[in-house]
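Structural characterization, general
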Amino acid sequence: MEAVLKRFLEARSVAVIGASATPGKGGNDIIRNIQSNGYRGSLYLVNPRGGEILGLKVFKSALDLPSGIDLGVLVLPASATLQALRECGQRGIRAAVLVAGGFAEVDDQGEELQGEILKVIEETGMRVLGPNTSGLLSMPQNLAASFFPLGKVPRGSISYIAQTGNFATHSMRFIMSAENYGVARVVGLGNKVDVDESDALEYLGEDPETNAIIVYLESFKRPRRFLEVARKVTRHKPVLLLKGGSTEKGAQAAVTHTAAMAADDRLVSGALRQAGVVRMSKYSDLVLTAKGLALMPLPKGRRIAVLAPSGAMLVCLADCCERDFGLSVPELEKESRERLQSISPNFVRMRNPVDIWPSATIHGAETAYREGMEAVLMDPNVDAVVSVLLMTDETGAPPLDFIVDLARRFPDKPIYVSCSGQKKHIEAAKAFLEPKGIPTFWFAEEALEALSYAAQCREAMERGGARA
């Protein structure tokens, strides 16, 4: 049986119904996005005025389109969406994205209109994504079907399923401009009148372009089906989920956002864990955890070595590891401790976490960090390393090629970097390291939390393999 999302994410032809010649309008931005990303399929435009937009012929009605187009994207008001959807069905369009809001998330009239959409789906056999969604991204097909101005979207191995439109809009712009990883697919679910999270997870679980799946949901349309699919997918891919609406106020907000209904949060957590889904807690996790997964392998365990230029920082980070993130800060082997001690003054007793700055004052920061990181990476008690670099005009900003070299030499042990000191040097370090595969974070706690989620993914996959 064909995976439902194949119709959307592998579309060979797309029609934009509601195309606009006016820059800044959604119906114009979506055309620019599709063109900017070099979509290789056929693109058709529909607007009652006809003519030409951005070099493409414009059809006056969906009924005038060639038959058998794979995907229609309807950038129309809610009041015009239903009739346009019927016309798409008459022309044999197999799938449709409904951008408009104003349906069940608003009022009874909107809910009634959403019910009419269901009737069209039943009559035509079309599949529908939305309504109330910004669309989708499918970068292996160079398809960016979002009404928000994006430009060229970087291709990568992370895929998002989101019951919000913002991962195909402003959150993607943030990732594109502030981070250094790309995406494979983004599916904005909206109100889930038809296609839901289970359909999307099933497709992405089999998608060779997707190495990890990040999910934001406010409700489960078919909870049992989702858990059934998740149990299969999490045996071989990380699946992480942020559940919106887990508090009373959050649940109230979710109803007006996507018409989501609340569920008992404790039951949700237990069911997700049994299915191997790692639950995240903050919105920023959707980006920061994805960055770690995109650039580094999963750690083999929870044993973390930390290097930092401050004793107080190390104390706090050790507390965070054990109290907040379920990570351990293990004792190092004697050989590792001796190597660390050999580069440090006698008044410092070297252990994990590693106070590296006294060594840097003697040997320079580059030598101290290189030797210190290599020592802990070689230690069999360590699964991953977080290194906090100190960089200022006065203390220096050492070349960081040695970190890239260490990551190459120890491919099974993730290295996450954070920085302290002067903002311009921190920005330069991030700009240098991340394109070379080293995730870099403003704060060390962010690195530790991302590592914690990655370690939980490894454990969930191993449990899933045992179940299988």
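Here's a quick rundown of the structure. From a predicted model like this one, the values you see are computed outputs, not experimental measurements. (Residues numbered from 1 in each chain as written. Predicted model: local features only at pLDDT ≥ 70, side-chain atom pairs only at ≥ 80, totals over all residues. Heavy atoms only, no water.)

All right, on to the overall build of the protein chain then. Looking only at helices and strands, the protein chain has 17 helices and 19 strands in total. At 25 Å, the protein chain has a C-alpha radius of gyration in line with the 23 Å of a compact globule built from 468 residues. With respect to the principal axes defined by its C-alpha atoms, the protein chain has extents near 80 × 50 × 40 Å. In the protein chain, which comprises 468 residues, the share counted as buried stands at 57%. Within the structure as shown, the protein chain displays about 19100 Å² of accessible surface, and the carbon and sulfur contribution to it stands at 51%. Positive and negative side-chain charges of the protein chain, numbering 54 and 55 respectively, have mean locations separated by a distance of 4 Å. (Helix = DSSP H or I, 4+ residues; strand = E, 2+ residues; numbered from the N terminus. Rg over C-alpha atoms; globule rule 2.2 N^0.38 Å. Buried < 20%, exposed > 50% of the residue type's maximum accessible area, 1.4 Å probe, protein only. Areas by Shrake-Rupley, 256 points an atom, 1.4 Å probe, with all protein chains shown as cover. Lys, Arg positive; Asp, Glu negative; His and termini not counted. Charge placed at Lys NZ, Arg CZ, Asp CG, Glu CD.)

We now examine the packing of helix 3 (residues 78–90) against helix 4 (residues 108–124). Where helix 3 contacts helix 4, the two axes come as close as 10 Å, and the packing angle between them is 5°. Looking at the two axes, helix 3 sits roughly parallel to helix 4. Of the residues in helix 4, those in contact with Ala78, Leu82, Leu85, Arg86 and Gly89 of helix 3 are Leu113, Glu116, Ile117, Val120 and Thr124. Of the residues assigned to the contact of helix 3 with helix 4, the class counts are 6 nonpolar, 2 polar and 2 charged. (Axes fitted to C-alpha atoms, helices over the stretch in contact; angles between N-to-C directions. Parallel < 35°, antiparallel > 145°, perpendicular 65-115°, else oblique. Contact = heavy atoms within 4.5 Å. Nonpolar A, V, L, I, M, F, W, Y, C, P; charged D, E, K, R; others polar.)

Counting 89 residues, the largest nonpolar core has Leu137, Tyr160, Ile214, Ile403, Ile415, Tyr416 and Leu448 as its most contacted members. Filtering out sequence-adjacent residues up to four positions away, Tyr160 remains in contact with Phe167, Ile175, Tyr181, Val183, Arg185, Val186, Val187, Ile214, Leu286, Val287 and Ala290. By size, the runner-up hydrophobic cluster in this structure holds 49 residues, among which are Leu189, Val215, Leu217 and Val239. (Core = buried A, V, L, I, M, F, W, Y, C linked by side-chain atoms within 4.5 Å.)

The two faces of strand 5 (residues 71–74) match: Leu71 and Val73 on one face and Gly72 and Leu74 on the other face are all buried. Pairing of strand 1 (residues 13–17) with strand 5, which is carried by 4 bridges, proceeds in the parallel orientation. Note that in strand 5 the partner of Val16 across the bridge is Val73. Bridge analysis of strand 5 against strand 6 (residues 95–98) gives 4 bridges, and the strand direction is parallel. Of the residues in strand 6, the one forming a bridge with Gly72 is Ala96. Once the chain exits strand 5 it traverses helix 3 before rejoining the sheet at strand 6, and the crossover so formed is right-handed. (Pairing = 2+ DSSP bridges. Right-handed = clockwise from strand over helix to strand, strands pointing away.)

Along an α-helix, residues three or four apart share an orientation, since each turn contains 3.6 residues. Buried residues of helix 15 (residues 401–409): Phe402, Ile403, Leu406 and Ala407, and no others. Projected onto a plane normal to the axis of helix 15, the buried residues spread over an arc of 140° and lie on a single side. In the core, the buried residues of helix 15 are packed alongside helix 14 (365–378), strand 17 (384–391), strand 18 (415–421) and helix 16 (423–433). (Arc of directions from axis to C-beta.)

In this section: unusual backbone geometry. With an omega of -5°, the peptide bond between Gly130 and Pro131 qualifies as cis. Within the element layout of this structure, Pro131 appears in the loop between strand 7 (127–129) and strand 8 (135–138). With an omega of 5°, the peptide bond between Asn352 and Pro353 qualifies as cis. One can find Pro353 in the loop between helix 12 (334–342) and strand 16 (354–355). Not every positive phi belongs to a glycine, and Leu54 is a case in point at roughly 50°. When you line up the elements, Leu54 lands in the loop between strand 3 (52–53) and strand 4 (56–59). The backbone phi angle of Lys192 is positive, close to 60°, even though this residue is not glycine.

Looking now at the packing of aromatic side chains. A full pass over the atoms with the stated rule returns 6 aromatic pairs. One aromatic cluster is present, formed by Tyr160, Phe167, Tyr216 and Tyr283 through successive ring pairs. (Phe/Tyr/Trp six-rings, centres within 6.5 Å; stacked < 30°, edge-to-face > 60°.)

With that settled, consider the side chain of Asp199. Its location among the elements puts Asp199 in helix 6 (residues 197–206). When near neighbours in sequence (up to four residues on either side) are disregarded, Asp199 contacts Val4, Leu5, Arg127, Asp194 and Arg222.

Attention shifts here to the state of the cysteines. A covalent bond between the sulfur atoms of two cysteines is what we call a disulfide. If you walk through the whole model with that rule in mind, you get 0 disulfides. Left without a disulfide partner, Cys419 is nearest to the cysteine sulfur of Cys321, which lies 17 Å away. (Disulfide = S-S within 2.5 Å.)

Before going further, it helps to examine the pairing of strand 17. Counting buried positions along strand 17 gives 8 out of 8 residues, so the element sits mostly inside the fold. Taking every second residue as pointing to the same face, both faces of strand 17 are buried, with Ala384, Val386, Val388 and Leu390 on one and Val385, Ser387, Leu389 and Met391 on the other. Alignment of strand 15 (residues 304–308) against strand 17, held across 4 bridges, turns out to be parallel. The partner of Ile304 across the bridge, within strand 17, is Ala384. When strand 17 meets strand 18, the two strands line up parallel, connected through 7 bridges. Note on strand 18: the bridge partner recorded for Ser387 is Val417. Traced from strand 17 through helix 15 to strand 18, the parallel crossover comes out right-handed.

Attention now goes to the environment of Pro435. As for its position among the elements, Pro435 is in the loop between helix 16 and strand 19 (440–441). It is 39 Å that separates the C-alpha atoms of Pro435 and Val193, two residues lying 242 residues apart in sequence. Setting aside anything within four residues of it in sequence, one finds Pro435 in contact with Asn180 and Lys430.

A surface patch of like charges, here negative, comprises Asp107, Asp108, Glu111 and Glu112. Looking at the element boundaries, Asp108 is found in helix 4. (Patch = residues over 30% accessible without salt bridge, like charges linked within 9 Å, V, L, I, M, F, W, Y side chains within 5 Å. Salt bridge = Lys/Arg side-chain N within 4 Å of Asp/Glu carboxyl O.)

Purely spatial values, then, with no claim about function.
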